[in-house]
Amino acid sequence: MAENTNVTHDQMANAIRALSMDAVEAANSGHPGMPMGMADVATVLFTKFLKYDPSQPDWADRDRFVLSAGHGSMLLYSLLYLTGYPEMTIDEIKHFRQLGAKTAGHPEYGHAPGIETTTGPLGQGIATAVGMAIAERHLAAEFGDDVVDHTTYVIAGDGCLMEGISHEAISFAGHLRLGKLVVMWDDNDICIDGPTSMTVSDDQIARFKASGWNTMACDGHDPAAVEKCLAAAQGSDKPTFIACKTTIAFGSPNKGGTSAAHGAALGADEIAATRKQLGWEHGPFEIPQDIMAAWRLAGTRAAKAAADWQIRLDASAKKAEFGRRIAGILPENWLDAVNALKIRLADEAPAMATRNASQEALEVINPAVPETVGGSADLTGSVNTLTKDLGALSSDNYGGRYVHYGVREHAMGAAMNGMALHGGMIPYAGTFFVFTDYLRPAMRLSALMGIRVIYVMTHDSIGLGEDGPTHQPVEHLASVRSMPNVMVLRPADAVETAECWSLALQNDTGPSVMVLTRQKLPALRTTHTDKNLCAMGGYEISPAEGDARVSLLATGSEVSLAVEAQKLLAAEGVPARVVSIPCWELLEALDEEAREAVLGVDTVRIAVEAGVSYGWDRYVGSDGAFVGMTSFGASAPAPDLYEHFGITAKEVAAAAIAHL
């Protein structure tokens, strides 16, 4: 029962059910069953446990609520409206799933305050929540429990637990003993095709327990039982899993407990019957004043806690630093360290793999930008993401700045999303570029949400050599470039690598992908400039001797190859210029005149890249050509592979002459 009112728990939960079935009915689209089934659990959570303040929804020490079962989005939207989040109005509820509404079919981060993450792809929510819980513990270790002390709560469904990412996530959360993570499972025995017995017979309690979680079970329609479990989860030194046995579309006399209520409107007749069964005698979208008042009172529960927290923050010597990090503002003068590195690299002109150049950049960036938190998927020595003095983040040292994710690429990507969403951290982590296939759904959500996550992807082509085609990316550059709002950075030498790292750190509206080599590359940028030349996306790295007839366009490891081809063409009396294009997305951001000037006006354009040709047509045009891969790779030393597949300076020069 809500405090200081005569409104019952059932009335408050039924308000969620009514709004959910009415909104889905109005849209003639959506998932009413899950919100109706979990309304009791959510009511207990939001009225008795969750720490939030609708008047300041971005309060840094609020609890996080993640609806991993994002198809049940009307559960979240109903809660935000009922508890008084100003932007979640009844009109937004009425326009559920309509163009321009904040109430999208699945919760979308940024659409309205209170939506902590985008969910819908099942399993992503629970894995993202693990990242949020890691961020909470990490920041608490640095700033103290008086400034950072909150819990991440998750509602997950059967589908979330079937998806493979859930195994990676729950294993990692148990390993890190994330005691401030609580997952509530909507155990309703129903999936889209019918009963879950058709597809799964796992003992979920045993599964979570084996991964080091506290486990409990309750009747999800018994508020006292739900409250007892949530109370027992508080103060745990392990993450908590609560199996809440529910009935999908609870209250629906004919569709409750069936798959018919999962992904379709109940229909006018069934809604009328449900209203009668629940004793809800109010019209569509109508919430009686006393029930609304009880919900709005629940929304003020944490107002004093928020005020007390502000007093503690004001008294903290670290207030300014905490505020800077939460706001996502980079430290002053951090670029000075990158510029000093560029000066040294231009002077020393080292030949090095860009994965090693990346580590050199991180050695100066990490001390200058203390909110960076690195990691890798069990490939630290290969992807070179660890720098000195970071320290491993573990259950014994949450203050560490390096996360050993293990062989869990998918959960790694989702956890980084959670860290970025939580705020106060800039996560980066590495694996082999070919394994973007394992984490692509998380990367796509990074892009969709527009958050600063940095993916460090090494061993970027056939240049990795003997590991062969299973590990040699061929289609991956084209694939990742095709994803909207992803900044793909493929530097050609150590200086470009430093510049690309600075661009990735400054990109706070989407993820960046650092695409790096295993093999050594020669130094090309040996004259220093304070200007970040990579910021244009492409630039002339080696001018022609005389008026250029050919523009050689390349990225990464093939830029040096283009420079060799330029020399061959010069010997044939053909002036050519070389253009390095470390970032297509930034090149595309230039106006057409500037972009054409970079690519080369009135020149034959030949592109070379150790990947497939998709996308290059826009730059080389019908009069140009592409030198690259048309098949999978092979197992052999890198020089042999480049020769075998015809990606050589000689072939590039020949293509240029053939197209003049």
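Residues numbered from 1 in each chain as written. Predicted model: local features only at pLDDT ≥ 70, side-chain atom pairs only at ≥ 80, totals over all residues. Heavy atoms only, no water.

Right, let's get into the sheet that holds strand β6 (residues 214–219). Reading across the sheet, the five strands line up as β1-β2-β3-β7-β6 and stay open at both edges, with parallel pairing between neighbours. This sheet does not close on itself; its edge strands, each paired only once, are β1 (64–67) and β6. For this sheet, the mean inter-axis angle between neighbouring strands, taken without regard to orientation, is 15 degrees. The pairing of strand β2 (residues 152–156) with strand β3 (residues 181–187) spans five bridges and is parallel. Note that in β3 the partner of T152 across the bridge is L181. (Pairing = 2+ DSSP bridges. Helix = DSSP H or I, 4+ residues; strand = E, 2+ residues; numbered from the N terminus. Axes fitted to C-alpha atoms, helices over the stretch in contact; angles between N-to-C directions.)

Attention now moves to the nonpolar core. Counting residues in hydrophobic clusters, the biggest one holds 72 residues, and the most contacted among them are L178, L181, Y405 and V513. Among all residues touching L181, those that are not within four sequence positions of it are A129, V130, A133, T152, V154, A173, W213, P239 and T240. Grouped together as the second largest cluster of nonpolar side chains are 68 residues, L330, Y428, L505 and V604 included. (Core = buried A, V, L, I, M, F, W, Y, C linked by side-chain atoms within 4.5 Å. Buried < 20%, exposed > 50% of the residue type's maximum accessible area, 1.4 Å probe, protein only. Contact = heavy atoms within 4.5 Å.)

Further remarks concern the environment of Y455. Position of Y455 relative to the elements: it lies in strand β11 (residues 454–458). Sequence-wise, Y455 and V24 are 431 residues apart; in three dimensions their C-alpha atoms are separated by 38 Å. Those residues within four positions of Y455 in sequence are excluded, and the remaining contacts are G413, M416, N417, A429, L439, A442, M443, S446, P511, S512, V513 and M514. Looking at Y455, its side chain comes within polar contact range of the side chain of S446, at 2.7 Å. (Polar contact = N/O pair within 3.5 Å; in protein donor to acceptor, adjacent residues only side chain to side chain.)

Per the stated rule, a full pass over the model turns up 29 salt bridges. Here D149 makes a salt bridge to K180, at a shortest N to O gap of 2.8 Å. Residue D149 is located in the loop between α6 (124–143) and β2, and its partner K180 is located in the loop between α8 (164–175) and β3; the two are separated by 31 residues in the primary sequence. Here D149 falls in the partly exposed class, since its relative accessible area comes to 31%. In this structure, R324 and E371 form a salt bridge, with 2.8 Å as the shortest nitrogen-oxygen distance. With R324 in helix α14 (residues 319–327) and E371 in the loop between α16 (354–368) and β8 (372–376), this pair connects stretches of sequence that are 47 residues apart. Neither residue differs from the other here; R324 and E371 are each classed as buried. Through salt bridges with shared partners, one network takes in E142, E321, R324, R325 and E371. (Salt bridge = Lys/Arg side-chain N within 4 Å of Asp/Glu carboxyl O.)

So, on to the side chain of S252. Among the structural elements, S252 can be located in the loop between β7 (240–245) and α11 (268–278). Under the relative-accessibility criterion, S252 is labelled buried at 5%. Here the side chain of S252 touches K255 through a polar contact of 3.3 Å, landing on its backbone nitrogen. Reaching out from S252, the side chain makes a polar contact with the side chain of E270 at a distance of 2.5 Å.

Attention now moves to the environment of N356. Assignment of secondary structure puts N356 in helix α16. For N356, a relative accessible area of 28% translates into the label partly exposed. In sequence terms N356 and L587 are 231 residues apart; their C-alpha atoms lie 26 Å from each other.

For the rest of this paragraph, the subject is the sheet that holds strand β10 (residues 426–432). Strand order in the open sheet formed by six strands is β9-β8-β10-β11-β13-β12, with parallel pairing between adjacent strands. The sheet terminates laterally at β9 (402–404) and β12 (487–489), the two strands that pair on one side only. The average undirected angle you get between the axes of adjacent strands in this sheet is 20 degrees. Bridge count for β12 against strand β13 (residues 512–515) is three bridges, and the pairing is parallel. Bridging across to β13, V488 finds its partner in V513. Helix α21 (residues 494–506) rests against β8, β10, β11, β12 and β13 of the sheet, and its axis sits at about 165 degrees to β12.

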